[in-house]
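# Commentary on secondary and tertiary structure
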Amino acid sequence: MSTPAGRFTVSELRERIARFEDGSAHARTVLPFGIPDLDARLPSGGLALGAFHEVAGGGNGAIDGAAAALFAAGVAARTKGKVLWCITRPDLFAPALAQAGLAPDRVIYVEAGDDKTVLACMEEGLRHGGLGAAVGEVARLSMTASRRLQLAAEGKSTIGIALRRWRRQTEAADFGQPTAAMTRWRVSVLPSTPLPVPGVGRHRWLVELIRARAGESADFELEACDDTGRLALPADLVHRPAAAEGWRRGASG
Amino acid sequence: MTRVVSLFLPTWSTDRLRRKAGDAAPPAEAPLVLIGREESRRVVLAADAAAHAAGLHVGMPVTKAQVLVPGLIIQDADPAADTEALERLAAWVLQRFAPIVAADPPDGIVIDSTGADHLHGGEPAMLDALIGRLLMSGVAARAAVADSWGAAHALARYVARPTFVAPLGHGASAIAHLPLEAIRLPASMSADLRVLGFERVDDILAQPRAPMILRFGPELGRRLGQALGQSAEPIEPIRPPDLIEVRRAFAEPIGAVETIARYIGKLAIDLCTALKDKGLGARRLDLLCHRVDNRVQAVRVGTAQPVRDSKRLTRLLCDRIETIDPGFGIEVMTLAATIAEPLACRQLISSLVEETAPDISDLVDTLANRVGERAIYRIAPVSSDVPERSVRRIPAMAPDNAATWPNHWPRPARLLARPEPIEIVALLPDHPPVSFTWRGIRRRVKRADGPERVFGEWWRRDAELAAVRDYFRIEDDAGERYWVYRSGDGEDASTGSHRWYLHGVFG
């Protein structure tokens with residue numbers, strides 16, 4: 001007697017799906033952030049290598065995308081090998097990338113004229129497989145383009161990051177469209193970590209995980225990358241469990 | 001669409017003579033003419049800029065020139081050497097600018113720049129680079145780019161100051177206002193036309209063509225057609241004798257993309273064998289496809305390091321296959337290593353001991369051929385405190401040197417190309433701003449760091465002798481962090497204007 005489809009339980013189906021995905025999903029390695037709360041939210045405990053991710057700035061920050069760029073630089077800094085950074089406007093300041101852990105020797109800039117060329121160069125970089133990361137600054141990203149990038153990255157150890165930045169706030173609507181990115185992040189600035197003396201403390205960001213394939217979205221309040229590209233939990237949140245609890249509750253969405 | 005650059009060297013003979021003489025050359029302000037015999041008369045065959053300014057011109061009797069300009073330097077002309085030097089210059093242009101180049105004697109070079117300009121950052125940038133390199137080596141030059149050889153030739157000689165870019169698909173309009181001589185007519189013919197009252201190109205264009213040709217001969221029609229781009233004028237590319245080149249002729253013209261790709265692969269293998277015999281690697285490759293209609297389609301690719309790997313070369317060439325228009329078919333394909341350099345052999349690092357860094361030079365080559373060599377770079381530190389001077393571009397494949405910037409002060413992720421003036425409320429001399437207005441939005445400053453004082457670099461410009469900038473890192477209510485500076489130290493007006501600028505945005 002043949003097994004009717006209805007007899008499969010949910011767990012059996014999950015197992016079957018896992019078996020289908022065996023080739024890609026399980027072989028894939030990840031790049032952990034080193035922050036347990038953050039890594040726990042991501043499938044397999046970190047940012048997937050050989051995959052394509054998206055980072056945008058939140059609010060006004062999207063236009064200059066400064067925080068998002070540093071977030072991407074921090075991720076790229078923790079990979080191995082050269083980093084390809086495709087830009088359309090040459091306003092990225094290399095010393096700042098060095099301060100986020102990305103030494104000038106490691107970054108190769110490609111000044112592409114438009115989004116289309118940026119995407120093509122990124123795809124070429126991902127397909128090559130010898131890079132640590134390929135970052136591209138684009139305003140628009142279609143489903144087809146993101147799908148191509150994801151396919152190009154698969155099976156390699158290169159991480160692909162699309163840095164979404166647009167000239168006008170009205171163009172932000174494109175960020176609402178679905179893409180094939182493995183994870184999507186939004187990074188916006190928060191007032192810096194208070195110091196006991198006057199002055200600007202360590203930069204602090206609100207890092208929102210808007211979408212994670214096979215994961216849930218969440219948001220975190222983190223301190224900006226240090227000079228090795230690592231993010232950190234703000235000290236006041238670590239030492240004040242009550243406050244930390246409050247933020248975890250808020251993060252469930 | 002074909003694009004042709006015509007390079008005009010107005011004082012080529014005298015420039016060449018001065019360059020050859022080196023330090024012994026007559027000073028630039030001394031008028032110099034080169035003379036030769038025209039039947040029994042001694043006439044001026046070339047005059048430099050100073051001689052032109054003194055009123056001398058080519059074709060003038062030497063005795064007259066001597067009377068007009070006291071202290072005139074006279075030397076014998078050597079047209080054969082001039083032509084030979086022009087060929088050498090054309091070979092230099094071939095290596096650096098475009099795959100199809102020919103000498104256009106007596107005083108010009110013609111370059112088919114179709115599909116080559118993007119590697120130099122566009123047509124205006126390409127012309128500027130070309131002219132600039134020649135001027136630096138002491139050769140006066142003007143250049144124009146147009147849709148046909150004839151039009152470019154005319155524009156370079158009559159319009160370019162020193163460069164001119166005719167719009168794509170310009171037709172007759174670009175050359176219509178030029179004098180008759182611009183379209184390369186024999187001197188006697190243009191003189192005859194002038195007698196009949198024709199002065200400019202559009203005067204002839206307005207006339208019915210057939211009676212004109214009947215009266216003046218087919219040469220007029222041919223030159224007009226060439227100038228307007230109606231009749232073909234193929235450029236016969238120069239081939240320097242030491243060029244490493246392989247060639248394949250087809251019994252039957254080919255046109256399909258797969259066929260072209262297959263033969264590129266075969267040519268690449270042949271070329272690599274030729275390179276191997278000489279111990280060289282290719283730095284620049286030119287693929288020329290000669291079509292049955294006598295046009296040549298060219299593809300040029302460059303590599304960051306010498307390469308002798310036929311697979312890689314094939315890949316680079318095949319990336320640009322869509323730019324080849326086979327027309328009715330290609331009958332001959334040639335592949336040349338225009339620039340070849342000694343290939344340094346390296347010992348492989350044992351993979352058992354340490355990890356080898358993946359070789360990405362092939363990726364860099366692929367991208368450089370797509371976006372241009374200038375658009376792919378690394379940024380290296382320069383020891384300068386002035387932020388915009390602390391970075392410089394180096395080639396993407398430059399060796400790693402682990403140099404970096406000092407890490408005393410945070411630097412913004414985005415640096416504005418030009419600092420933007422902001423309205424500010426601040427206590428002088430050394431307090432950070434209290435509030436500021438940038439792009440019409442007023443922000444209150446919550447926290448600030450600074451000042452970081454940057455002194456002007458007096459060894460660069462006198463104006464920077466006393467100049468000072470005070471940089472502050474400021475954070476507003478919403479947590480946005482900016483890099484602002486005050487020009488001047490806040491006390492002494494000679495150190496700066498005391499205006500405030502926003503120079504960057506922190507993440």
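Everything in this summary refers to the structure shown in the same document. (Residues numbered from 1 in each chain as written. Chains lettered and ligands numbered in written order. Predicted model: local features only at pLDDT ≥ 70, side-chain atom pairs only at ≥ 80, totals over all residues. Heavy atoms only, no water.)

### Let's talk about the pattern of salt bridges
Summed over all chains, the structure comprises 58 salt bridges over all chains. Residue Asp-48 of chain B is joined to Arg-18 of chain B by a salt bridge in which the shortest nitrogen-to-oxygen separation is 3.0 Å. Within this pair, whereas Asp-48 of chain B is found in the loop between strand 3 (41–47) and helix 2 (49–53), its partner Arg-18 of chain B is found in helix 1 (residues 12–21), the two being separated by 30 residues in sequence. By relative accessible area, Asp-48 of chain B is classed as buried at 2%. Residue Arg-88 of chain B is joined to Glu-84 of chain B by a salt bridge in which the shortest nitrogen-to-oxygen separation is 3.4 Å. Taken together, the residues Arg-88 of chain B and Glu-84 of chain B, both in helix 4 (residues 79–96) and 4 residues apart, mark about one turn of the helix. Note on Arg-88 of chain B: relative accessible area 54%, which makes it exposed. The partly exposed category is assigned to Glu-84 of chain B, whose relative accessible area is 49%. Residues participating in the shared-partner salt-bridge network are Glu-54, Arg-140, Arg-164, Asp-174 and Arg-184 of chain A. (Salt bridge = Lys/Arg side-chain N within 4 Å of Asp/Glu carboxyl O. Helix = DSSP H or I, 4+ residues; strand = E, 2+ residues; numbered from the N terminus. Buried < 20%, exposed > 50% of the residue type's maximum accessible area, 1.4 Å probe, protein only.)

### Some points on the packing of helix 4 of chain B against helix 5 (residues 123–136) of chain B
Residues and elements named next belong to chain B. Running from N to C, helix 4 and helix 5 cross one another at 135 degrees; their axes reach a closest spacing of 12 Å. When the interaxial angle is binned, helix 4 and helix 5 end up oblique. In the packing of helix 4 onto helix 5, the handedness of the crossing is right-handed. Counting all contacts with helix 4, which are made through Leu-89, Trp-92, Val-93 and Arg-96, the residues of helix 5 involved are Leu-130, Arg-133 and Leu-134. Considering only residue class, the contact of helix 4 with helix 5 consists of 5 nonpolar, no polar and 2 charged. (Axes fitted to C-alpha atoms, helices over the stretch in contact; angles between N-to-C directions. Parallel < 35°, antiparallel > 145°, perpendicular 65-115°, else oblique. Left-handed = near helix turned anticlockwise from the far one by under 90°. Contact = heavy atoms within 4.5 Å. Nonpolar A, V, L, I, M, F, W, Y, C, P; charged D, E, K, R; others polar.)

### Quick look at empty space enclosed by the protein
All names here are of chain B. Across all of its chains, the model carries 2 cavities of 30 Å³ or more by this definition. For the second largest cavity, the calculated volume is near 50 Å³. If you go around the second largest cavity, the residues you meet are Trp-409, Pro-410, Asp-449, Glu-452, Tyr-471, Phe-472, Arg-473, Trp-483 and Phe-506. Within the residue set of the lining of the second largest cavity, elements represented by two or more residues are strand 17 (441–455) and strand 18 (468–476). Counting residues per element, the lining of the second largest cavity draws most heavily on strand 18, at 3 residues. Class assignment of the residues belonging to the lining of the second largest cavity gives a composition of 6 nonpolar, no polar and 3 charged. (1 Å grid on protein atoms, 1.4 Å probe; cavity = no way out; pocket = protein on both sides within 12 Å on 5 of 7 lines; lining within 4 Å. Points joined across faces, edges and corners; volume = space filled by probe spheres on them.)

### Overview of the packing of aromatic side chains
Throughout the structure, instances matching the rule amount to 16 aromatic pairs over all chains. Ring geometry for Phe-71 of chain A and Trp-185 of chain A: centres 5.4 Å apart, planes at 45 degrees, overall tilted. Pair noted here: Phe-71 of chain A is in helix 5 (residues 66–77) and Trp-185 of chain A is in strand 8 (residues 183–190), with a separation of 114 residues, a long-range link. In this structure an aromatic cluster arises from ring pairing among Tyr-471, Trp-483, Tyr-485, Tyr-501 and Phe-506 of chain B. Looking at Arg-184 of chain A, its charged tip hangs above the ring of Phe-175 of chain A, at a distance of 4.8 Å from the centre. (Phe/Tyr/Trp six-rings, centres within 6.5 Å; stacked < 30°, edge-to-face > 60°. Lys NZ or Arg CZ within 6 Å of the ring centre and 35° of its normal.)

### Some remarks on the nonpolar core
A general tendency of soluble globular proteins is for nonpolar side chains to be buried together. All names here are of chain A. Phe-33, Phe-71, Trp-85, Leu-102, Tyr-109, Trp-185 and Trp-205 are the most contacted members of the largest nonpolar core, which totals 66 residues. The element that contributes the greatest number of residues to this core is helix 5, accounting for 11 residues. When residues no more than four places from it in sequence are discounted, the contact partners of Phe-33 are Leu-38, Asp-39, Leu-42, Leu-47, Phe-71, Val-75, Arg-78, Trp-185, Arg-230 and Leu-231. The next biggest cluster of nonpolar side chains, apart from the first, holds 30 residues, and it includes Cys-86, Val-110, Cys-121 and Ala-152. (Core = buried A, V, L, I, M, F, W, Y, C linked by side-chain atoms within 4.5 Å.)

### What about the interface of chain A and chain B?
Each side of the interface is counted separately: chain A has 51 residues, and chain B has 51 residues. Of the roughly 4200 Å² buried between chain A and chain B, counting both surfaces, carbon and sulfur atoms make up 58%. In this structure, Glu-124 of chain A and Arg-370 of chain B form a salt bridge, with 3.2 Å as the shortest nitrogen-oxygen distance. Counting only elements with at least two residues in the side of chain A that touches chain B, the list comes to helix 4 (61–64), helix 5, strand 4 (83–87), helix 6 (94–99), strand 5 (107–111), helix 7 (115–128), strand 8 and strand 9 (204–212) of chain A. Counting residues per element, the side of chain A that touches chain B draws most heavily on helix 7 of chain A, at 6 residues. Here the residues of the side of chain A that touches chain B are counted per class, giving 28 nonpolar, 12 polar and 11 charged. Of the strand pairs in this sheet, strand 5 of chain A and strand 13 (residues 376–381) of chain B are connected by 2 bridges, and their pairing is antiparallel. Opposite Tyr-109 of chain A, over in strand 13 of chain B, you have Tyr-377 of chain B as the bridge partner. (Buried area = accessible area lost by both parts, 1.4 Å probe. Pairing = 2+ DSSP bridges.)

### Description of the sheet that holds strand 2 (residues 32–38) of chain B
Residues and elements named next belong to chain B. Strands sit in the order 3-2-4 across an open sheet of 3 strands; the sheet is mixed. What marks the edges here is a single partner per strand, and that holds for strand 3 and strand 4 (73–76). For this sheet, the mean inter-axis angle between neighbouring strands, taken without regard to orientation, is 40 degrees. In this sheet, strand 3 lies alongside strand 2 in antiparallel orientation, the contact comprising 6 bridges. Residue pairing for strand 3: Val-33 is matched across the bridge by Ala-47. Where helix 1 meets the sheet, its contacts fall on strand 2, strand 3 and strand 4, and the angle it forms with strand 2 comes to roughly 120 degrees.

### Here's the deal with the side chain of Glu-233 of chain B
Residues and elements named next belong to chain B. Position of Glu-233 relative to the elements: it lies in the loop between helix 10 (218–228) and strand 9 (244–254). In this structure the side chain of Glu-233 is engaged in a polar contact, spanning 3.1 Å, whose partner is the side chain of Arg-184. Aside from chain neighbours lying at most four places away, what touches Glu-233 is Trp-149, Gly-150, Arg-184, Arg-223 and Gln-226. (Polar contact = N/O pair within 3.5 Å; in protein donor to acceptor, adjacent residues only side chain to side chain.)

### Points about the sheet that holds strand 20 (residues 500–506) of chain B
Residues and elements named next belong to chain B. Read around the barrel, 6 strands follow the order 15-16-17-18-19-20 and close on themselves; strand pairing throughout is antiparallel. With direction set aside, neighbouring strand axes in the sheet form an average angle of 45 degrees. When strand 16 (residues 433–438) meets strand 17, the two strands line up antiparallel, connected through 4 bridges. Looking across to strand 17, one finds that Thr-437 is bridged to Arg-442.

### Remarks on the layout of surface pockets
Residues and elements named next belong to chain B. Computed from the structure, the second largest pocket encloses a volume of approximately 860 Å³. Along its surface, the second largest pocket is lined by 36 residues, and Met-1, Thr-2, Asp-112, Thr-114 and Arg-295 are the ones closest to its centre. Among the elements of the structure, helix 10 and strand 11 (296–307) are those that each provide at least two residues to the lining of the second largest pocket. Of the residues forming the lining of the second largest pocket, the biggest block, 5 residues, is contributed by strand 11. When the residues that make up the lining of the second largest pocket are grouped by side-chain class, the tally is 13 nonpolar, 15 polar and 8 charged.

Shape is all these values report; function is a separate question.
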